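A closer look at the structure
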Amino acid sequence: MCRTVVDMTTTATSISGFQGQILHPHNEGYDEARRLWNGAIDRRPAIIARCTSAADVATAVRFGTRHDLTVAVRGGGHSIPGLSMCDGGLVVDLSLLKDVEIDPVRRRAHVAPGVLLGEYDAAAQAHGLASPAGEISHTGVAGLTLGGGVGWLSRKYGLACDNLVEAELVTATGDIVTVDESTDPELLWGLRGGGGNFGVVTRFTFTLHEVGPLLAGAVMVPMDQGRAALRLYAELCAVAPEELSLSVACVTAPPAPFVPAELVGRQVVVLSMAWVGDPQAGEPWAARLRGLRPAVDLIGLMPYTALQSMVDSGVPHGRGYYVKSEWLGEIDEPAIDTILESLASMPGPHEQILLRHMGGAIRSVPADGTAFTFREAENLLTIACGWDVETDAPEPHVAWGRELWAATRRISTGGAYVNQLDADEGIERVREAYGTRTWDRLTALKRRMDPDNVFRLNQNIPPAPR
Ligand code: FAD
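Residues numbered from 1 in each chain as written. Predicted model: local features only at pLDDT ≥ 70, side-chain atom pairs only at ≥ 80, totals over all residues. Heavy atoms only, no water.

1. Quick word on the overall build of the protein chain
Applicable threshold: Numbered from the N terminus, helices here are DSSP runs of H or I no shorter than four residues, and strands are runs of E no shorter than two. Here the globule rule is a power law, 2.2 Å times the number of residues to the power 0.38, and the radius of gyration is based on C-alpha atoms. When accessible area is computed with a 1.4 Å probe and restricted to protein chains, residues below 20% of their type maximum are described as buried, those above 50% as exposed, and intermediate ones as partly exposed. The contact criterion used throughout is that any non-hydrogen atoms of two residues lie within 4.5 Å. Where accessible areas are quoted, they stem from the Shrake-Rupley method and a 1.4 Å probe; at the residue level, only the protein chains shown are allowed to cover. Positive charge is attributed to Lys and Arg, negative charge to Asp and Glu, and no charge count is given to His or to the chain ends. By convention, charge coordinates are those of NZ in Lys, CZ in Arg, CG in Asp, or CD in Glu.
The helix and strand tally for the protein chain stands at 13 helices and 19 strands. Computed over C-alpha atoms, the radius of gyration of the protein chain comes to 22 Å, within 12% of the 23 Å expected from 2.2 N^0.38 for 466 residues, which places it in the range of a compact globule. Dimensions along the principal axes, computed over C-alpha positions, put the protein chain at roughly 65 × 50 × 40 Å. Of all 466 residues assigned to the protein chain, the portion counted as buried reaches 58%. The long-range fraction of contacts in the protein chain, counting pairs at least 24 apart against all pairs at least 6 apart in sequence, stands at 72%. Put simply, the protein chain shows about 18100 Å² of open surface, and 53% of that area lies on carbon and sulfur atoms. Looking at charge distribution, the protein chain has the averaged site of its 40 positive side-chain charges lying 3 Å from that of its 56 negative ones.

2. Some details on the pattern of salt bridges
Operational definition: Each salt bridge in this description consists of a side-chain nitrogen of Lys or Arg and a carboxyl oxygen of Asp or Glu lying within 4 Å of one another.
Applying the stated criterion across every chain, the model contains 33 salt bridges. Here Lys156 makes a salt bridge to Glu243, at a shortest N to O gap of 3.2 Å. Of the two residues, Lys156 sits in helix α5 (residues 154-157) while Glu243 sits in the loop between α7 (226-239) and β13 (244-252), which places them 87 residues apart along the sequence. Taking the relative accessible area as the measure of exposure, Lys156 reaches 23% and is therefore partly exposed. For Glu333, the salt bridge identified is with Arg227, shortest N-O distance 3.0 Å. Placement of the pair is Glu333 in helix α10 (residues 333-344) and Arg227 in helix α7, with a sequence separation of 106 residues. Accessibility expressed as a relative area gives 29% for Arg227, which makes it partly exposed. What you see here is one network of salt bridges that share partners, running through Lys324, Glu326, Arg409, Glu425, Arg429 and Glu432.

3. Observations concerning the side chain of Ser247
Its location among the elements puts Ser247 in strand β13. Assessed through its relative accessible area of 9%, Ser247 is described here as buried. When residues no more than four places from it in sequence are discounted, the contact partners of Ser247 are Trp152, Tyr233, Val270, Leu271, Ser272, Leu355 and Arg356.

4. Topic: the sheet that holds strand β9 (residues 176-180)
Test applied: Note: two strands are recorded as paired if DSSP finds a minimum of 2 bridges between them. Geometry is summarised by axes, namely lines fitted to C-alpha atoms with helices restricted to the contacting stretch, and by angles between N-to-C directions that run from 0 to 180 degrees.
The five strands are arranged β5-β6-β10-β8-β9 in an open sheet whose pairing can be described as antiparallel. Of all strands in the sheet, those bounded by a partner on one side alone are β5 (100-103) and β9. Put simply, the sheet's adjacent strands are angled 15° from each other on average, direction ignored. Judged from the four bridges that link them, strand β6 (residues 108-111) and strand β10 (residues 200-207) form a sheet pairing that is antiparallel. Counterpart to Ala109 in the pairing with β10 is Phe206. With respect to the sheet, helix α2 (residues 54-66) is in contact with β8 (164-170), β9 and β10, its orientation differing from that of β8 by roughly 50°. This element, helix α3 (residues 117-125), spans β5, β6 and β10 of the sheet and lies at about 30° to β5.

5. Points about the pairing of strand β17 (residues 320-328)
Most of β17 sits inside the fold, with nine of its nine residues counted as buried. Of the strand pairs in this sheet, β17 and strand β19 (residues 379-387) are connected by nine bridges, and their pairing is antiparallel. Opposite Tyr321, over in β19, you have Gly386 as the bridge partner.

6. Comments concerning the side chain of Asp180
Among the structural elements, Asp180 can be located in strand β9. No salt bridge is formed by the buried Asp180; its nearest oppositely charged neighbour, Arg106, is found at 8.5 Å. Among all residues touching Asp180, those that are not within four sequence positions of it are Val165, Glu166, Pro185 and Leu188.

7. With respect to the packing of aromatic side chains
Convention followed: Pairs were defined over the aromatic rings of Phe, Tyr and Trp, the Trp ring being its six-membered one, requiring ring centres within 6.5 Å. Orientation was assigned from the angle between planes: stacked under 30 degrees, edge-to-face over 60, tilted for the rest. Whether a charge sits over a ring comes down to the Lys NZ or Arg CZ being within 6 Å of the ring centre and within 35 degrees of the ring normal.
Applying the stated criterion to the full structure yields seven aromatic pairs. On the basis of an interplanar angle of 85° and a centroid distance of 5.6 Å, the ring pair of Trp327 and Phe372 is categorised as edge-to-face. With Trp327 in strand β17 and Phe372 in the loop between β18 (352-357) and β19, this residue pair connects regions lying 45 residues apart in the sequence. Overall, the relative accessible area of 1% leaves Trp327 in the buried class. Plain terms: the ring middles of Tyr434 and Trp439 are 6.4 Å apart, the flat faces sit at 35° to each other, and that makes the pair tilted. Accessibility classification places Tyr434 together with Trp439 in one group, the buried group. Put simply, the rings of Tyr120, Phe204 and Phe206 pair up and form one aromatic cluster. Taking the ring centre of Trp405 as reference, the NZ or CZ of Lys324 above it sits at 4.2 Å. It is Arg441 that lies over the ring of Trp189; its NZ or CZ is 3.8 Å from the centre.

8. Brief notes about the environment of Val259
Here Val259 shows up in the loop between β13 and β14 (267-275). Separated by 155 residues in sequence, Val259 and Pro104 have C-alpha atoms that sit 39 Å apart. The contacts of Val259, once residues within four sequence positions are left out, are Met220, Ala253, Pro254, Val264 and Val296.

If you want it as structure tokens, here you go:
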């Protein structure tokens, strides 16, 4: 059992050799630094070590293990269950590590672990390049990549973790190592989906791809056209080439300037697309979406960075959030019934039912090629429940989310997305998220890299017994 309390008289200079900023509960900036995206998380670490280099990370990890402290690792701070913050203990805070280096000749990006998706995308797009990431620009590159990383480019170029070719890592013993296919293929395999279990990544190296302005955007229909929109989504998924990326959001229409007044506050279905290729060739697919005669049509040529921040405002920092996810097969008629019934019974305006089409290049990697396992899934279902933490109680939102999730298990292809597991899921769901064969390989790797489970504040993979 780890101690989680340290001597509060410890001063800012008490971690010998640490060059960054140390924050204790009495320091200015402490409350800001302990805040995560999910406003329902309210944890008070004893020390927040704001690192400015890999050497700082190594010093902080060694300090944590020497003093037997619970160690949390914070990248972009978007862990849904708040695993990047602890009560008592030490937070290795990477959020000041913001370097992005783009090598346009070798098509490589070197990205520090405090970089957010929007910052990375902007730096790469300055050269007309990008690598797959997620869809909300304020998410962290670090946690997203280590758990998989699904986004608009994934059907064409794979997951974020598929494009990770090298990593610099601080191990549980505080050593700094560089990992690639030639130095340690098994560890690189584990970093591609196995989360933060094997060490603290202090530099990610990604393969870059040419990505210009895209034909992309969304159409919005009122709920009485929802069935048609969901049917069209399922129909297009069945025939989509890998350039076509599709998603659905069932939400309450926000009071945005582009939403007609009569739809604001009403439940709607939003069907979104991106064509990752020559924009002209995507027009027939855009026409299919426009064939719904939507109330809102936002499809057009747009910079990749605009696509990547298109729905940021739907998931702001500070709300309470609860998320459930599941890998699903094809969306059939009973699934459409379930989704529409749940849309109609949303307990508040911040609930979201999201479907993302998988397949394409995601499926071209063998299931044992990375620690990320569920490559056969047709869809990722994400149920995001949100509430105002000042005025609202979580229970009705959480109950609604669980009920919908239970109803969709019928078409599950097995398990959850490890980056979208919430606090109440338990180790069996983590194991399920990997499947037995990958799990056994991961626990063996964990035994080699972190036998004392120093890095356990994550979707934890325990070390295999000796
Ligand atoms: P953090 O809270 O900083 O970290 C998450 C986990 O990773 C923690 O366990 C932490 O300890 C560990 N970790 C962080 N940095 C490191 C590091 N450098 N080395 C080792 N371990 C580390 N996922 C998708 O695939 N696609 C999406 O489009 C997408 N959209 C999202 C949108 C929102 C608003 C949110 C909240 C999440 C989204 N996700 C998406 C899920 C996302 O991938 C995870 O929440 C991810 O863990 C966030 O990473 P982070 O660095 O921001 O989080």
